[in-house]
Each structure stands twice: as C-alpha cells, then as structure tokens.
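Residues per chain are reported as follows:
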Amino acid sequence: MAIFGRKSSPAEFSVLPRHLGIIMDGNGRWAKKRGLPRTAGHKVGADVFKKISKECGRLGIEEVTFYAFSTENWKRPKEEIETLMRLFYDYLIEAKNDLQASGDIRVRFIGEKEGMHPKLLELMRDAEQETASRTGTLVNVAVNYGGRQEIADAVNSLIAAGKKSVTPEDISAKLFTSADCDLIIRPSGEQRLSNFLLWQSAYSEFWYSDVLWPDFTEKDLHAALSDFEKRNRRFGG
Ligand code: FPP
C-alpha cells in the first residue's frame, strides 16, 4: 500500500452500497464535443463500463446494475441502436473467449427479452451460465429494461399465479433484482431516474456529477462511494 497518495485497498471504504446502480449517461455529448458521431461515445462508454465493473469487483461491492439500454431507447436512430447491439455482442464474445479477464464477476442481463436478437439472447444466457458459480460481484446489465414494465410484469405474473391481492414483498420477489438499491450514480449533469430501478430505488441515495460517462474513471466512482459513506440514512425512521 502506498504511503503517499490514495490508498488502493478495498478497506478504504468503511461502508459500501450493497447494491449500486449506475446510469451511463453523456456518451452522445462526449462525442459531439469532439466532432464525432454519437456512436463513438458509446464505444468509449463500453470500455468504461468494463473498467468500472472490474473496479466494483475489486472493491467487493455485492451487486451493481448498469443501465445500458432502456425500453425507450428503441426510439433512437437505427444506426445508433445497431452500434449499441454490436457493443453488447462484442462484449459477450469477448467474455466468452476470455472468461478469466472479467475476474470473479458474475454477469446477469436484466430487461425484456422480447425484441432482442435471438443470437444476443443466446450469448447472454451463455455468459450468465458460465459465470453463475462465481462468488464475486454480481453485475446486472440492464438491456431493454424499463422500471415500470418490470413492476407491471411482476404483478401480471402474480395474477397469473392466482393472486387476488399482492404485497410489496410479493412484487419484490418477482423483479429481475429484488435488492434495494443503496446508491444511484448518474454522471453527465442530468438529475433524473429515467425509468431505472423504480421499485428498488425507494430509499436510494443519489450521486450526480457533470463528468460525461466516457470520461468517468475509478476516481469518480471512489468520490461517489466516499460521499455515500457520509450519508445519514434513516429509511423514514
Ligand atoms: C446514454 O447516453 C447512454 C446510452 C443510451 C447507452 C449506454 C451504453 C453504453 C455505455 C454501452 C454499454 C456497453 C456494454 C457492453 C454493456 P446518451 O447517448 O443519451 O448521451 P447524451 O445524453 O449525451 O446524448
């Protein structure tokens, strides 16, 4: 451990969020500032996703959910959607060919399966199965995800199972992830939830920054975690 400079040991945070949510925002603006197409921002953003998910693993965060593609993002230009799908595909192929590179991370894809390419779904299932026995950080990648749809689907499956009335616990148990989200990070200066983890964010702390996602570094993650350590969470009590 270095005597000067910041400590790099996971022990540097006395409290970590058990479940961290990250809205990867600002790719388009990052590219525009450089006179590049929006897709260039997404490409760099995908590398940042890999870097930050590894850092979450190193720090020992139990679960982290990255917002990669919302149910509303289908409204974007065709070329942009194709680039994003290609980035997911490349990530999955990379993960398949080099399982060791992702360390001890477990990967899970959360979101609607309908509308997704069958090949992508197959690779997602493979990645989930191949990493399922790992014990490290659970990385949820939210693709074709919408918080309202997630809740509606949960209620519908309870109705289909014959329930006449439902409790919050019933709904939680049917979501893609039941874990309450402790901290949500949103870079790029925007301060909204955008249909992300609506149910799980009931008692989330929020951390915003003007940094655009492609410029987001481990240092920014540490800044958010340092801030989270100091929050006084009362959960309504
Ligand atoms: C929002 O920024 C970002 C997205 C809609 C896409 C996020 C996806 C990635 C970073 C790729 C993830 C890759 C893998 C492999 C999981 P924006 O484009 O809306 O930015 P803007 O608000 O500046 O226009």
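Parameters at a glance
- Within each chain, residues carry numbers counting from 1 in the order of the written sequence.
- Local features in this predicted model are restricted to residues of pLDDT 70 or higher, and side-chain atom pairs are both shown and tallied only at a pLDDT of 80 or more, whereas totals for entire chains, interfaces and linings draw on every residue.
- Side-chain metrics in this entry use all non-hydrogen atoms of the structure; hydrogen atoms and water are not considered.
- Axis lines are fitted to C-alpha atoms, over the contacting stretch for helices. Their N-to-C directions set the angle, which ranges from 0 to 180 degrees.
- In this description a helix means any DSSP run of H or I spanning at least four residues, a strand means any run of E spanning at least two, and both kinds are numbered starting from the N terminus.
- Crossing handedness: left-handed means the near helix sits turned counterclockwise from the far one by under a right angle, and right-handed means the same turn made clockwise.
- The criterion used for residue contact is that any of the two residues' heavy atoms lie within 4.5 Å.
- A cavity here means a set of points on a 1 Å grid, drawn over the protein atoms and nothing else, where a 1.4 Å probe fits but cannot get out; a pocket is an open set with protein on both sides within 12 Å along at least five of seven lines, and a residue lines either one if it has an atom within 4 Å of a point.
- Grid points are joined across faces, edges and corners, and a volume is the space filled by probe spheres set on the points.
- Asp, Glu, Lys and Arg are counted as charged, while Ala, Val, Leu, Ile, Met, Phe, Trp, Tyr, Cys and Pro are counted as nonpolar; the rest, among them Gly, fall into the polar class.
- For salt bridges, the criterion is a side-chain nitrogen of Lys or Arg within 4 Å of an Asp or Glu carboxyl oxygen.
- Two strands are said to pair when DSSP picks up at least two bridges between them.
- Known as pLDDT, the predictor's per-residue confidence is scaled from 0 to 100.
- Each residue is tested against the molecule or strand, and it is near if at least one of its non-hydrogen atoms lies within 4 Å.
- The definition of a polar contact used here is a pair of N or O atoms within 3.5 Å, where within protein one atom must be able to donate a hydrogen and the other to accept one, and adjacent residues in sequence count solely through side-chain atom pairs.
- Areas reported as accessible are Shrake-Rupley estimates using a 1.4 Å probe. Residue values count occlusion only from the protein chains shown.
- Ring pairs are drawn from Phe, Tyr and Trp, using the six-membered ring of Trp, whenever the two centres fall within 6.5 Å, and their geometry is named by plane angle: stacked under 30 degrees, edge-to-face over 60, tilted for the rest.
- A simple rule labels every residue: compare its accessible area, found with a 1.4 Å probe on the protein chains alone, to the largest value its type can have, and call it buried under 20%, exposed over 50%, or partly exposed in between.

S.K.: Help me understand the packing of helix α3 (residues 78-97) against helix α4 (residues 118-131), please; the structure alone is not making it clear to me.
M.R.: Helix packing for two helices is described by the angle between their axes and how far apart those axes are. Remark: α3 packs on α4, axes separated minimally by 10 Å, with the N-to-C direction vectors making an angle of 35 degrees. In the crossing of α3 with α4, the sense of the turn from one axis to the other is left-handed. Touching M85, F88, Y89, L92, I93 and K96 of α3 are K119, L120, L123, M124, D126, A127 and E130, all from α4.

S.K.: Would you mind showing me how to read empty space enclosed by the protein here?
M.R.: Summary: where empty space remains is shown by rolling a probe the size of a single water molecule over the atoms. Going through the model one piece at a time under the given rule, you end up with one cavity of 30 Å³ or more. Estimated volume of the largest cavity: approximately 40 Å³. The wall of the largest cavity is formed by F109, I110, G111, E112, K113, M116, L121, M124 and V143. When contributions to the lining of the largest cavity are tallied by element, the ones reaching two or more residues are β3 (106-110) and α4. Looking at the lining of the largest cavity residue by residue, the classes come out as six nonpolar, one polar and two charged.

S.K.: What am I meant to see in the pattern of salt bridges here?
M.R.: Where charged atoms from two side chains of opposite charge come close, those side chains can pair. With the rule as written, the count across this model stands at 23 salt bridges. Across the pair D25 and R29 runs a salt bridge, and its minimum N-O distance is 3.5 Å. Its salt-bridge partner being R29, residue E190 comes within 3.4 Å of it at the nearest N-O pair. Here the residue E190 occupies a position in the loop between β5 (183-186) and β6 (205-208), and R29 occupies one in helix α1 (residues 27-33), the gap between them amounting to 161 residues. Salt bridges linked by common partners bring D25, R29, R186, E190 and R192 together as one network.

S.K.: Just checking my understanding: could you explain the layout of surface pockets for this structure?
M.R.: Considering only enclosed or pocket space, the largest pocket measures out at about 650 Å³ in volume. Lining of the largest pocket is provided by 32 residues; of these, M24, N27, Y67, A68 and N73 occupy positions nearest its centre. Elements represented by at least two residues in the lining of the largest pocket include exactly α1, α2 (38-59), β2 (63-70) and α3. The leading source of residues in the lining of the largest pocket is α2, at six residues. Roughly 240 Å³ of internal volume is contained in the second largest pocket.

S.K.: Just checking my understanding: could you explain the sheet that holds strand β4 (residues 138-145) for this structure?
M.R.: What links the strands of a sheet is backbone hydrogen bonding, and the strands pair in either a parallel or an antiparallel sense. Pairing within the open sheet is parallel, and its six strands lie in the order β3-β4-β2-β1-β5-β6. Looking at the sheet topology across the chains shown, the edges are occupied by β3 and β6. Across this sheet, the average inter-strand angle for adjacent strands is 20 degrees, counted without regard to direction. Inspection of the sheet shows strand β1 (residues 19-23) paired to β5 by three bridges, in the parallel sense.

S.K.: Which parts of the structure should I look at to understand the confidence of the model for the chain?
M.R.: Detail in the predicted coordinates should be disregarded across regions flagged by low pLDDT. Of all residues in the chain, 95% have pLDDT values of 70 or greater, and the mean over the chain is 94. Note that residues 1-8 has pLDDT below 50 and, in this model, five contacts with residues that lie over four places away or in other chains.

S.K.: For this particular structure, what's the right way to read the site of the ligand?
M.R.: Near the ligand, the surroundings consist of 19 residues, among which M24, R29, R38, H42 and R76 are the closest. In this structure, G26 approaches the ligand through a main-chain N or O atom, which is 3.3 Å from an oxygen atom. Between an oxygen atom of the ligand and a main-chain N or O atom of N27, the distance comes to 3.2 Å. Protein burial of the ligand: of its 640 Å² of free accessible surface, 92% is covered by the chains. Mapped by element, the contributors of at least two residues to the shell around the ligand are α1, α2 and α3. Broken down by element, the residue count for the shell around the ligand peaks at five residues, all from α2. When grouped by side-chain class, the residues that make up the shell around the ligand number nine nonpolar, six polar and four charged.

S.K.: Got a minute to help me understand the packing of aromatic side chains in this structure?
M.R.: The relation between two aromatic rings is expressed through the spacing of the ring centres and the mutual angle of the planes. Under the counting rule described, the total for this entry stands at 11 aromatic pairs. Centre to centre, the rings of F69 and W74 are 4.9 Å apart; their planes meet at 75 degrees, and the pair counts as edge-to-face. The exposure class assigned to F69 is buried, which follows from its relative accessible area of 0%. Ring geometry for Y203 versus F235: centroids 5.7 Å apart, planes at 55 degrees, classification tilted. Highlighted residues: Y203 in the loop between β5 and β6 and F235 in the segment after α7 (218-229), separated in sequence by 32 residues.

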